[in-house]
Structures are given as structure tokens and as C-alpha cells.
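# Survey of secondary and tertiary structure
Take a look at the letters that make up each chain.
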Amino acid sequence: MDALGRGCRNLIDEDGPAFPPDVAAKISIRMQVPHCDAYTRQIMSRRSTSVGEPISRKNLARKIAEEMKRYLEGARSAGQPLIYHGIEVRLEDLFLCSFRRASGGSWEPELEILVH
């Protein structure tokens, strides 16, 4: 996930709004990986300005990368690292494909693992 390092090179409309106008100021990001504990965290979906416009897609990608980093580190610390085809998954192995509303205030990133 380049969002924490080199930026969002492949992100479409990176400075555009990440959310439609009807989304609350805080949302929950849910990550559910098969055979692993679920992970939920609240993030701000709006900027702290007088009009409170939605954060940019680039900012959302960075926040998702930060949360995925916490998730991977927590799983590793608990002795249950995320494994794919016998190899531990690292943050740089993940690619954000989409971000969809799962329910009213919950959103889920769709991630792919890049095989090197």
C-alpha cells in the first residue's frame, strides 16, 4: 500500500471527495479476513473545517493503510500473522481495490494481495 510511502500513484481522482454528502462525520472501517479475527476502527470521514467537507480519496487511502498496518502488527504480535500461500503478508503486498458501504455507518476496504 503506497499510501504510507510513495503516495497514491494509481488512485483515480486522488484529490476528489472520498464519500457522498450523506455520510456521517465518523465511520467504522471493518476488516474481515478469513480465519482471522475481525477488526473495526472508527475514523473521521470529514475534514475539521467549518463546512466539514469529506476527506479526499488520497487521505482515505492513507487512513486505510494506517489501519491495515495496525491490523497486521496486532496479528503478528498475537502470534497469528496473516499468511498467504505460506508467506507472511506485509503491508506493501496489499493493493486497495475498492471501499464499499457494508451497512449504515460501516465501510469495508476490498484489498488484494500482490504476489511477487
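For the structure itself, consult the block above.
Presented here is an overview of the structure given in this document. Predicted, not measured: the structure shown is a model, and the values here were computed from it. (Residues numbered from 1 in each chain as written. Predicted model: local features only at pLDDT ≥ 70, side-chain atom pairs only at ≥ 80, totals over all residues. Heavy atoms only, no water.)

## Considering the pairing of strand S5 (residues 94-101)
Sheet topology note: the S5/strand S6 (residues 106-113) ladder contains seven bridges and is antiparallel. Bridging from a neighbouring strand, leucine 94 pairs with isoleucine 113 of S6. Counting the residues that bridge the hairpin from S5 to S6 gives four residues. (Pairing = 2+ DSSP bridges. Helix = DSSP H or I, 4+ residues; strand = E, 2+ residues; numbered from the N terminus.)

## Structural notes on the sheet that holds S5
Spatially, the four strands line up as an open sheet ordered S2-S1-S6-S5, and their pairing is mixed. The open sheet has two free edges, formed respectively by strand S2 (39-44) and S5, since each of these has just one partner strand. The mean angle between the axes of side-by-side strands here comes to 30°, regardless of whether they run parallel or antiparallel. Pairing geometry for strand S1 (residues 26-31) and S2, over six bridges, is antiparallel. Paired with serine 28 across the strands is glutamine 42, a residue of S2. Packing of helix H1 (residues 57-77) onto the sheet brings it into contact with S1, S2, S5 and S6, and relative to S2 it is tilted by some 150°. (Axes fitted to C-alpha atoms, helices over the stretch in contact; angles between N-to-C directions. Contact = heavy atoms within 4.5 Å.)

## Things to note about the packing of aromatic side chains
Here the structure, examined in full by the defined rule, presents four aromatic pairs. On the numbers, 5.5 Å between centres and 20° between planes, the contact of phenylalanine 99 with tryptophan 107 is stacked. Of the two residues, phenylalanine 99 and tryptophan 107, neither departs from the other in class, the shared state being buried. (Phe/Tyr/Trp six-rings, centres within 6.5 Å; stacked < 30°, edge-to-face > 60°. Buried < 20%, exposed > 50% of the residue type's maximum accessible area, 1.4 Å probe, protein only.)

## Examining the environment of glutamine 32
Here glutamine 32 lies in the loop between S1 and S2. Take glutamine 32: its relative accessible area is 54%, and that puts it in the exposed class. Taking the C-alpha atoms as reference points, glutamine 32 and proline 109, 77 residues apart in sequence, are found 9.3 Å from one another.

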